[in-house]
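Residue strings, one per chain:
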Amino acid sequence: MQYIFAVIVPTLRQFRAIVEKNAEPETTLLQYLRQKLCLTGTKLGCGEGGCGACTVMISKYDHNRKKICHFSVNSCLAPLCSLHGMAVTTVEGIGSVKNGLHPVQERLAKSHGSQCGFCTPGIVMSMYTLLRNDPQPTIQHMEKAFEGNLCRCTGYRPILDGFRTFTKEFCQLGENCCKNMKNKKTQSEDGVGTSLVNTREFLPLDPTQDPIFPPELQTSSKFDSQSLVYKGERVTWYRPTSLNELLDLKSSYPDARLVVGNTEIGVEMKFKNMKYPVMIAPTHIPQLNDITHTDLGIRFGASVTLSRIDEELKLAQEKYPENKTRVFTAIREMLRWFAGYQIRNVAAVAGNIITASPISDLNPLFLASGAVLEVESKEDGRRQLKMDDKFFLGYRKTAMKQSEVVINILFPFTKENEYFYGYKQAYRREDDIATVNAGMRVVIDDNCIKQFSLAYGGMAITTVMPVKTMSAVIGRKWDDSLVPDVCRLLAEDLPLQPGAPGGMVEYRRTLTISFFFKFYLSVQMQLQSMQNSKTKVPSYFQSATPTFHRDPSKSSQVYQEVAPGQLAEDPVGRPIAHLSAMKQVSGEAVYIDDIPKFKDELYMAIVTSSKAHANIKDVDASEALSMPGVIDYISHNDVPGHNTWGAIFPEDEEIFASNQVLCQGQVVGAVIAHTQIQAQRAAKCVKITYEELEPIITIKDAMKAESYFDIKHAIECGDVDVAFKQSDHVIEGECHVGGQEHFYLETVAVLCVPKSEDDEMEVFISSQNPTENQLVISEALGVPANRITVRVKRLGGGFGGKETRTVLIATPCAIAAYKHGKPVRIMLDRNEDMVTTGTRHPFYAKYKVGFTDTGKITALDVDIYCNAGMSMDLSCAVMDRALFHCDNAYKIPNVRCKGYICKTNIPSNTAFRGFGGPQGMMIMEQCLTDVAFALETSPVKIREVNLYQEGDRTHYGQILKVCQIQRCWDECLQQSDYNRRKKDVDIFNSENRWKKRGICVVPTKFGISYTALHLNQAGALVHIYKDGSVLLTHGGIEMGQGLHTKMIQVAGRALGIPTSKIHTSEVGTNTVPNTSATAASCGSDLNGMAVKNACEKLLERLEPIFRDNPKATWEEVISKAYMNRIGLSTTGFYMTPDIGYDFNTGKGDPFNYFTNGVACSEVEIDCLTGDHQVLRTDIVMDVGISLNPAIDIGQIEGAFMQGYGMMMMEQQKISPKGFLFTQGPGNYKIPGFGDIPVEFNVTLLKGSVNERAVYSSKAIGEPPLFLSSSVFFAVKEAIASARSDAGHDGNFSLPSPATPERVRMACEDQFTELFPKAKEGTYTPWFVDL
Ligand SMILES: Cc1cc2nc3c(=O)[nH]c(=O)nc-3n(C[C@H](O)[C@H](O)[C@H](O)COP(=O)(O)OP(=O)(O)OC[C@H]3O[C@@H](n4cnc5c(N)ncnc54)[C@H](O)[C@@H]3O)c2cc1C
Ligand code: FES
Ligand code: FES
């Protein structure tokens, strides 16, 4: 049988049968949708199931249960061959701008839940699937639906708010609900808006309008009963339908892989280059899908999915008494944190067992509970295999024979005196692999231990059982004397060498006993509740035991409404939705890789260095060149012009490394082929021979080797040395701030289209900086810049990562297109992007600070180091901004700060939202916290006494005018009710030993302007057509921040016309030349002024017509103007006046003005695991008079959550030799939906004006990011309380990000003491701090 009958929905409410005669077993559904069916709404964000951008809904008829099942899946992992007889619904199928949006799409767009839009189709499909299964879910159920989706822009709040309107709890009266009325009335009286969305406009959800499941898939069972074979070029796929058939196949092909969810195999094939010539899908074998309840427990067929298991165990919990289902409860709790729905909906239990991953979440539970497998082979028949300490034999090896398959697994019931718990700790709670996990079981009779089993993941190359510990305690009493003995035994039983793979050795070892301690207390509490036990768990200790709970999210957004007299058609200040949002929610918005294929188009894949520092001895591309479809291998020899470039300094780095590589991921060459898969496969076969050189990786390495770039800027004010002498106190300290991967959802993508004439070329690129790409390409090709047109419609996120580093990919692509005279395309895979394009700069600082008894800081001397990587790129400007921001929001009269830019062998680090500012401010805040510790007072008090006031001068001499820091501070304290809640936190901490809370308020002051003076300019081009419609072009890139929307609002006010008459198509170097990168938060300020300037010029020309025709409509005026031969097109230009700082003289103002804000965050940490939760955040932000409060609040929330990732979660892991381990969402975690503050309130400061930017607005892209440090410092306070309980008063260091490891290890106690850190230099660490 050689066909697929998958059914796709390309147009509204119509399924279309797809008959694919040549289904390739290695083809994923995503590739098929995008490349074969040209349905590009579904996006590729990672290709490994970790981001959800590719989510689609699959529907199938379950003939046994007689129902249609709808479930979300990651199409990037779903094999096309697995879809025979199923219906696939993509984002295009549920609605479109032309035919009408589905309510899910409409509500998301109108609720401002789509910024760059790249994650949006996946989020729409997760919600759509939820509603197909439950048209009115609870809020809690709705919030869980997005565990498998990531968004890097929005901060998630608006998405949840929009979708909350579908839930049971949502009152259909929306903002008119009686609960909101009281608030609303008082607020609207003084012009304060509290709702960015008009929910009354929303289309009702009408499930009868959903597409009808294709009847032929329901009536006929042939799709399930057919045995299938798909023969591809490299792989054959079998889908047997009987057990005998399966056993026969496995006997004939013992090496064959079984595939159910493909969530392991798919990742192995894509990223580990594994090839499995025979794949067998045991998805349709009845015995492997059975679920049977027996006397011993419940037996699940091997192919039963994790979602189905969860469903069944939930029913079992309701059916059986609590004491029988303790294993089920633990499995369900573990499944709650196992991947996201998209994975759980397809992944099967056997896949998890047989993969035998040392960090499998289920295997520790199976081992500890004594689960039993039934396995079978044709040769040896069926046998039972207990999952115990003998089951896992080695890394990814089990006791099963190669010819055997798993038939089913028995999850045992528990007895009344049997207790069972599971534990997991990861970087992120949702959708993350475990750092350490465990299953724990004990049978107790007469308070005496009869049976005891523990199993751990993450402690060895397999899931392990500490058997010595298990047997040593049999017969012991379950009392407090047990704890120290078990801890000691576990420490012996579960050793890890200091440099063990995975690193975090002391933390992992501590977790093993922390989990046991939790288990001990939980069992003790259960015993206590049943018997009249003498030993009671003190209430102070009980906080160690509850499982994680999160209340449904809540939020508020407060902003100033437009003045009552503002004309209705004047759009400025109104919360207009992002003008592309409707296209983004329907998948119609076009990104680079969505552009239809050009004729004869080729694909490029890069070949990069695998070494951090080495001479290139030889490059052998012969194997790659002999592979099917491969056209060419290009390298530095193929560059017609210059092979060097530099973002600021010429010749900073090579386009193709010629003789030496300076980091892992450096581009050495590129393979050109007919298709993506051919190019990517061939690129992996290019062999580079290296002569390795010693790399410099970390800042400390660079300091030791004195490896710095030449520029060393410094700022000095006052007399620091004298001030130290006069200070009441002087302390010294150091601070480390980690880097951060941009993780824009759309990776770098380029399409170069050469023209047949005059060396012209069009370059479509996802870049924040078209001009830079234009210039480097022109130099590399040796043609003038006027032949290269770079065009940018929109980006799927940028955050600074696409400011300069896109050149690394665009230039080779242009060289390939030039050489072959054909269009060439490339979109980096996520791992390529992460390993090649650089990150936020890691920083390290050594400081000395002087202060008075009252906490006034009098002097600061700080040496600041950043890890620039292998080239300078923008590092000197990044360092400058750190130097300018190392005062944060505090007046310090005497400052000396010096910057050192470390040259290392990692990819060149680059711009990232904040651009060194957050790192500079972080250094100040760490310093200030040290002062508070020294004075034994609250850091909030120290902040308060040092805050800048109106008219103060910064350390670089700029006078603060219209300084709103104090106002933001006061309002934030009041709105957050800080003083009362601080007391509550103190009470909580005095009552709980193992959970602690912290609450902290942090201000920010962010300077607006490029610190490179010449970049503070912008241009615009405005055309008015004869029908009165306006085409607006400017130099700013739309990357989700709503720039085009704001610019249209500016043009609307300037021209006095509604936004519906104005359109922006794209940015092109042929329309506005010499643009600065869209960066430094200046997009609206600079381009807005240029747009205003152009509009004012046009209005001046039109003025006589308006004057003579006061009643004429806009269209009539334009028509008359045309007839009068008035030019209806003009350019606008703007340069920021009166700025420019000279480091040589220390004179001049670097910034146009400052954006200020203050945040208060409250957190709760789990002292035993290092886990935390943000309970509430309140932000007060001064954005002047907002151009668009919905967009500005979206920027604040998005920046806050991105900053939260930087401060708390996102840790780059790199080996001492420069190999990056964190190459995808699987092992690099950005915040997810579940990480947002449970309560998240944002207020825009009222009555603030700013005469230095367009229509009195302020820049907002970067400034709020640092407010997330309020979480970091709240966590630090919580840790301090835990330390104090353990007798460790005084200061302690906490580097950022404050990962669970760092939080746990900072909470020093009797458990951490068992694992002292090995002495530096005595071992090679697994990864290093950059
Ligand atoms: C984004 C993402 C998140 C993840 N999160 C987690 C997580 O939180 N926790 C966790 O533990 N894992 C996680 N995983 C790993 C993976 O999802 C699980 O291991 C899953 O259970 C594998 O099931 P599958 O059906 O997809 O396996 P497949 O990839 O289809 O197969 C995996 C292996 O199992 C073998 N196999 C399958 N069925 C049988 C059988 N009947 N008999 C013998 N061998 C068989 C196959 O030959 C193959 O070697 C994650 C994976 C991804 C991609
Ligand atoms: S692209 Fe499929 S999950 Fe990221
Ligand atoms: S809108 Fe979600 S990633 Fe940009």
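Since the structure is predicted, the reported quantities are computational estimates derived from the model, not experimental observations.

Let's talk about the overall build of the chain
- Helix and strand counts for the chain stand at 39 helices and 47 strands.
- Scaling as 2.2 N^0.38, a compact globule of 1330 residues should have a C-alpha radius of gyration of about 34 Å, and the chain matches this with 31 Å.
- Within the chain, the fraction of its 1330 residues that count as buried is 65%.
- Nonlocal contacts in the chain, meaning residues at least 24 apart in sequence, comprise 77% of its contacts between residues at least 6 apart.
- Put simply, the chain shows about 46700 Å² of open surface, and 51% of that area lies on carbon and sulfur atoms.
- Distance from the positive charge centre (140 side chains) to the negative charge centre (151 side chains) of the chain: 4 Å.

Here's the deal with the nonpolar core
- Ranked by internal contacts, the top residues of the largest apolar core, which has 378 residues, are Tyr456, Trp478 and Phe516.
- Examining the composition of this core, we find that twelve residues originate from one element, helix H20 (residues 505-530), more than from any other.
- Listed in part, the 28 residues of the second largest apolar core include Val56, Cys81, Leu83 and Ile265.

With respect to the pattern of salt bridges
- In the structure shown here, the tally under the stated rule is 86 salt bridges.
- We note a salt bridge from Glu318 to Lys314, for which the minimum N-O separation is 3.9 Å. In this pair, Glu318 and Lys314 are both assigned in helix H13 (residues 306-319), four residues apart and thus about one turn of the helix distant.
- Look at Lys314 and you get partly exposed, because its relative accessible area is 42%.
- For the salt bridge of Asp986 with Lys982, the shortest nitrogen-to-oxygen distance reads 3.3 Å. Here Lys982 and Asp986 lie together in helix H33 (residues 978-991), a separation of four residues that amounts to about one turn.

Brief notes about the site of ligand 1
- Lining the immediate surroundings of ligand 1 are 32 residues, of which Arg257, Leu258, Val260, Thr263 and Asp361 lie closest.
- Here an oxygen atom of ligand 1 sits 2.8 Å away from a polar atom, N or O, in the main chain of Asp361.
- In the model, a nitrogen atom of ligand 1 is placed 2.9 Å from a nitrogen or oxygen of the Val406 main chain.
- Examining the composition of the shell around ligand 1, we find that five residues originate from one element, helix H16 (residues 349-355), more than from any other.

A few points about the packing of helix H30 (residues 917-935) against helix H31 (residues 939-946)
- At a minimum axis distance of 8 Å, the contact between H30 and H31 shows a crossing angle of 115°. Taken together, the axes of H30 and H31 lie roughly perpendicular to each other. Our pair here, H30 against H31, has a crossing hand that is right-handed. Facing Glu925, Leu928, Thr929, Val931, Ala932 and Leu935 of H30, the residues of H31 in contact are Pro939, Ile942 and Arg943.
- Taken together, the residues of the contact of H30 with H31 sort by class into six nonpolar, one polar and two charged.

Some thoughts on the sheet that holds strand S29 (residues 687-692)
- The strand order across the open sheet built from three strands is S27-S23-S29, with neighbouring strands paired in antiparallel fashion. Each end of this open sheet is capped by a strand with a single partner; those strands are strand S27 (660-661) and S29.
- In terms of strand pairing, strand S23 (residues 614-620) meets S29 through six bridges, oriented antiparallel. In the strand pairing of S29, Asp620 is matched with Lys687.

Considering the environment of Asp1171
- Following the sequence through the fold, Asp1171 ends up in the loop between strand S45 (1153-1166) and strand S46 (1172-1182).
- Taking the C-alpha atoms as reference, Asp1171 lies 27 Å from Met470; in sequence the two are 701 residues apart.
- Contacts of Asp1171, omitting those with residues within four sequence positions, involve Gln425, Arg429, Phe548, Glu1164, Ile1165 and Asp1166.
- A polar contact is formed between the side chain of Asp1171 and the side chain of Arg429, at a distance of 3.0 Å.

With respect to the sheet that holds strand S31 (residues 729-737)
- Spatially, five strands are ordered S30-S38-S37-S36-S31 in an open sheet, and the strand pairing comes out mixed. Looking at which strands have only one partner, the edges of the open sheet turn out to be strand S30 (714-717) and S31. Put simply, the sheet's adjacent strands are angled 10° from each other on average, direction ignored.
- Sheet analysis places S31 next to strand S36 (residues 843-851), joined by nine bridges and oriented antiparallel. Bridge pairing links His729 to Phe851 in S36.
- Here helix H29 (residues 875-885) sits on the sheet in contact with S30, S36, strand S37 (857-869) and strand S38 (894-903), set at roughly 155° to S38.

What counts and what doesn't
Residues numbered from 1 in each chain as written. Chains lettered and ligands numbered in written order. Predicted model: local features only at pLDDT ≥ 70, side-chain atom pairs only at ≥ 80, totals over all residues. Heavy atoms only, no water. Helix = DSSP H or I, 4+ residues; strand = E, 2+ residues; numbered from the N terminus. Rg over C-alpha atoms; globule rule 2.2 N^0.38 Å. Buried < 20%, exposed > 50% of the residue type's maximum accessible area, 1.4 Å probe, protein only. Contact = heavy atoms within 4.5 Å. Areas by Shrake-Rupley, 256 points an atom, 1.4 Å probe, with all protein chains shown as cover. Lys, Arg positive; Asp, Glu negative; His and termini not counted. Charge placed at Lys NZ, Arg CZ, Asp CG, Glu CD. Core = buried A, V, L, I, M, F, W, Y, C linked by side-chain atoms within 4.5 Å. Salt bridge = Lys/Arg side-chain N within 4 Å of Asp/Glu carboxyl O. Near = heavy atom within 4 Å. Polar contact = N/O pair within 3.5 Å; in protein donor to acceptor, adjacent residues only side chain to side chain. Axes fitted to C-alpha atoms, helices over the stretch in contact; angles between N-to-C directions. Parallel < 35°, antiparallel > 145°, perpendicular 65-115°, else oblique. Left-handed = near helix turned anticlockwise from the far one by under 90°. Nonpolar A, V, L, I, M, F, W, Y, C, P; charged D, E, K, R; others polar. Pairing = 2+ DSSP bridges.

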